[in-house]
Amino acid sequence: MHKPFTPLLALLFAGGAYAQGAYTIGEINSYKAQPAFLEPYKKGMELAVEQINAAGGIQGKQLRLVTRDDNATPGDAVRAAEELIAREKVDVLIGSFLSHVGLALTDFAQQKKRFFLAAEPLTDKIVWEHGNRYTFRLRPSTYMQVAMLVPEAVALKKKRWAIVYPNYEYGQSAVTTFKQLLKAAQPDVEFVAEQATPLGKVDAGSVAQALEDAKPDAIFNVLFAADLAKFVREGNTRGLFAGRSVVSLLSGEPEYLDTLKSETPEGWIVTGYPWYAIQTPEHKAFLDAYMKRFKDYPRAGSVVGYNAVQSVAAGLAKAGSADTEKLITAFRGLQVATPFGPITYRTQDHQSTMGAYVGKTALRMGKGVMVDFTYRDGAKYQPSDAEVKRLRKDE
């Protein structure tokens with residue numbers, strides 16, 4: 001029978017497991033603004049910390065995780081980073097969800113010469129135009145995920161495309177890449193309508209009607225979270241998706257399919273995370289541990305949070321310390337085991353090769369799922385080294 005965890009036991013634990021000190025990870029994110037993704041993300045981080053500490057920590061040191069909410073604003077994110085460094089004495093900074101917030105933390109890392117792992121923000125600028133020696137990025141970028149979807153879009157052989165996206169850095173970056181790559185592969189393509197909506201404030205009825213009025217052959221959608229749910233509902237009501245192909249970034253993630261439920265449109269080509277059907281040993285181990293710990297299934301955020309902490313742990317172990325310059329050296333070419341298989345942090349732009357699943361949406365027993373999916377290795381969806389060198393200005 002387990003005894004309750006008392007303050008005395010806590011003191012003994014501090015004097016034992018933490019006797020050799022600890023590495024402290026300072027994490028900053030938009031928890032209140034984006035709970036669907038970030039609550040599972042936090043659980044993924046917590047699972048990784050628990051597993052690492054249970055296995056003896058990193059060269060005798062335990063991991064400690066301290067989180068802060070950035071209120072989905074760049075200014076608050078920077079203030080949180082300053083507080084974590086000054087008050088909590090964190091060794092590394094990680095996190096961020098929204099791309100414009102991630103860019104602010106990328107700049108902060110460069111100014112303060114502090115290591116920062118951008119876990120989730122997807123804009124390419126984090127590793128290219130605004131890339132710097134102190135910032136690395138885990139999740140596949142907008143370029144990578146769009147590059148995974150474009151061959152599927154080309155195979156549709158549709159000429160007239162409409163586009164809808166949230167009008168901030170992530171959405172703008174995704175659309176720019178989609179247009180560029182699709183036009184290169186299919187020169188006769190036309191973009192007949194474009195709806196840029198305020199983040200979190202989409203007027204879904206007007207947007208759906210504007211797209212319908214343009215009579216496109218296909219739609220490229222970049223909306224997510226509550227905006228996606230509203231768009232799907234209004235689009236279904238107006239018959240926008242009937243007889244039209246839709247290519248949609250992130251819409252196969254359970255965070256968003258779970259919200260759509262029976263309204264999930266069928267046949268959309270998406271990136272996502274079909275946790276219920278991935279059969280690899282690495283993923284099964286993660287899935288079993290996650291479900292045992294939280295009595296719930298993982299979301300895409302769970303994997304990102306887990307991989308972020310595992311990456312930091314691998315980097316600290318390789319560096320042998322939390323010294324910023326040693327960590328930078330360690331992360332360049334760093335290999336990390338993840339539920340999706342091994343990933344590598346590229347030396348040339350600090351982007352990891354974590355991939356994504358590409359498949360189609362379907363409705364099964366009143367619930368949205370992904371079917372006909374394959375894993376796309378992020379290493380295969382990168383621009384040339386020459387292009388990366390042209391874009392990066394720090395080195």
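As shown above, the structure is provided for reference.
Criteria and cut-off values
- Residues numbered from 1 in each chain as written.
- Predicted model: local features only at pLDDT ≥ 70, side-chain atom pairs only at ≥ 80, totals over all residues.
- Heavy atoms only, no water.
- Core = buried A, V, L, I, M, F, W, Y, C linked by side-chain atoms within 4.5 Å.
- Buried < 20%, exposed > 50% of the residue type's maximum accessible area, 1.4 Å probe, protein only.
- Helix = DSSP H or I, 4+ residues; strand = E, 2+ residues; numbered from the N terminus.
- Phe/Tyr/Trp six-rings, centres within 6.5 Å; stacked < 30°, edge-to-face > 60°.
- Lys NZ or Arg CZ within 6 Å of the ring centre and 35° of its normal.
- 1 Å grid on protein atoms, 1.4 Å probe; cavity = no way out; pocket = protein on both sides within 12 Å on 5 of 7 lines; lining within 4 Å.
- Points joined across faces, edges and corners; volume = space filled by probe spheres on them.
- Nonpolar A, V, L, I, M, F, W, Y, C, P; charged D, E, K, R; others polar.
- Pairing = 2+ DSSP bridges.
- Axes fitted to C-alpha atoms, helices over the stretch in contact; angles between N-to-C directions.
- Contact = heavy atoms within 4.5 Å.
- Salt bridge = Lys/Arg side-chain N within 4 Å of Asp/Glu carboxyl O.

(A) Seen up close, the nonpolar core. If you look at the biggest cluster of nonpolar residues, it comprises 130 residues, and the most contacted ones within it are Leu63 and Leu117. Here the element with the most residues in this core is helix H11 (residues 300-319); it accounts for 10 residues.

(B) Quick peek at the packing of aromatic side chains. All chains considered together, the criterion is met by 25 aromatic pairs. Taking 6.0 Å as the distance between ring centres and 55° as the angle between the ring planes, the aromatic pair formed by Tyr168 and Tyr170 counts as tilted. Each member of the pair Tyr168 and Tyr170 is classed as buried. Ring-pair connections join several aromatic residues into one group, and the members of that group are Phe37, Phe97, Tyr168, Tyr170, Phe224 and Tyr256. The ring of Tyr23 has Lys61 lying over it, and the distance from NZ or CZ to the ring centre is 4.8 Å. The lysine or arginine in question, Arg133, covers the ring of Tyr134, its NZ or CZ lying 5.9 Å from the ring centre.

(C) Local environment of empty space enclosed by the protein. Applying the stated criterion across every chain yields a total of three cavities of 30 Å³ or more. In this structure, the largest cavity encloses a volume near 110 Å³. Forming the boundary of the largest cavity are 15 residues, of which Arg139, Glu253, Gly272, Ala300 and Phe340 lie nearest the centre. Broken down by secondary-structure element, the contributors of at least two residues to the lining of the largest cavity are strand S10 (269-272), H11 and strand S13 (356-364). Classifying every residue of the lining of the largest cavity gives nine nonpolar, four polar and two charged. Class assignment for the residues of the lining of the second largest cavity results in eight nonpolar, one polar and three charged.

(D) View of the sheet that holds strand S2 (residues 62-69). Taken together, the five strands give an open sheet; going across it, the order is S2-S1-S3-S4-S5, and neighbouring strands pair in parallel fashion. On the outer flanks of this sheet lie S2 and strand S5 (135-137), each paired with one strand and no other. Looking at each pair of strands side by side, their axes are set apart by 25° on average, direction ignored. As judged from the eight bridges shared by strand S1 (residues 22-29) and S2, these two strands associate in the parallel manner. Its bridge partner lying in S2, Ala22 is registered against Gln62. Across the face of the sheet, helix H4 (residues 99-112) comes into contact with S1, strand S3 (92-95), strand S4 (116-118) and S5 while running at roughly 160° to S4.

(E) Region of the structure containing the pattern of salt bridges. Here the structure, examined in full by the defined rule, presents 25 salt bridges. A salt bridge links Glu88 to Arg64; the shortest N-O distance between them is 2.8 Å. Highlighted residues: Glu88 in the loop between helix H3 (74-86) and S3 and Arg64 in strand S2, separated in sequence by 24 residues. Using a relative accessible area of 32% as the deciding quantity, one classes Arg64 as partly exposed. Among the ionic pairs, Glu152 bridges to Arg376, the shortest N-O distance being 3.0 Å. Of the two residues, Glu152 is situated in helix H5 (residues 142-156) and Arg376 in strand S14 (residues 367-376); the sequence distance between them amounts to 224 residues. Using a relative accessible area of 27% as the deciding quantity, one classes Glu152 as partly exposed. The class for Arg376 is buried, based on a relative accessible area of 14%. Connected through salt bridges with shared partners, the residues Arg64, Arg68, Glu83, Arg87 and Glu88 form a single ionic network.

(F) Quick look at the sheet that holds strand S6 (residues 160-166). Reading across from one edge, S7-S6-S8-S9-S10-S13-S14 is the order of the seven strands in this open sheet, with mixed pairing throughout. With one partner strand each, in any of the chains shown, strand S7 (190-197) and S14 form the two edges of the open sheet. Along the sheet, successive strands turn relative to each other by an average axial angle of 25°, direction set aside. Note: S13 against S14, eight bridges, orientation antiparallel. Bridge pairing in S14 links Leu363 to Gly368.

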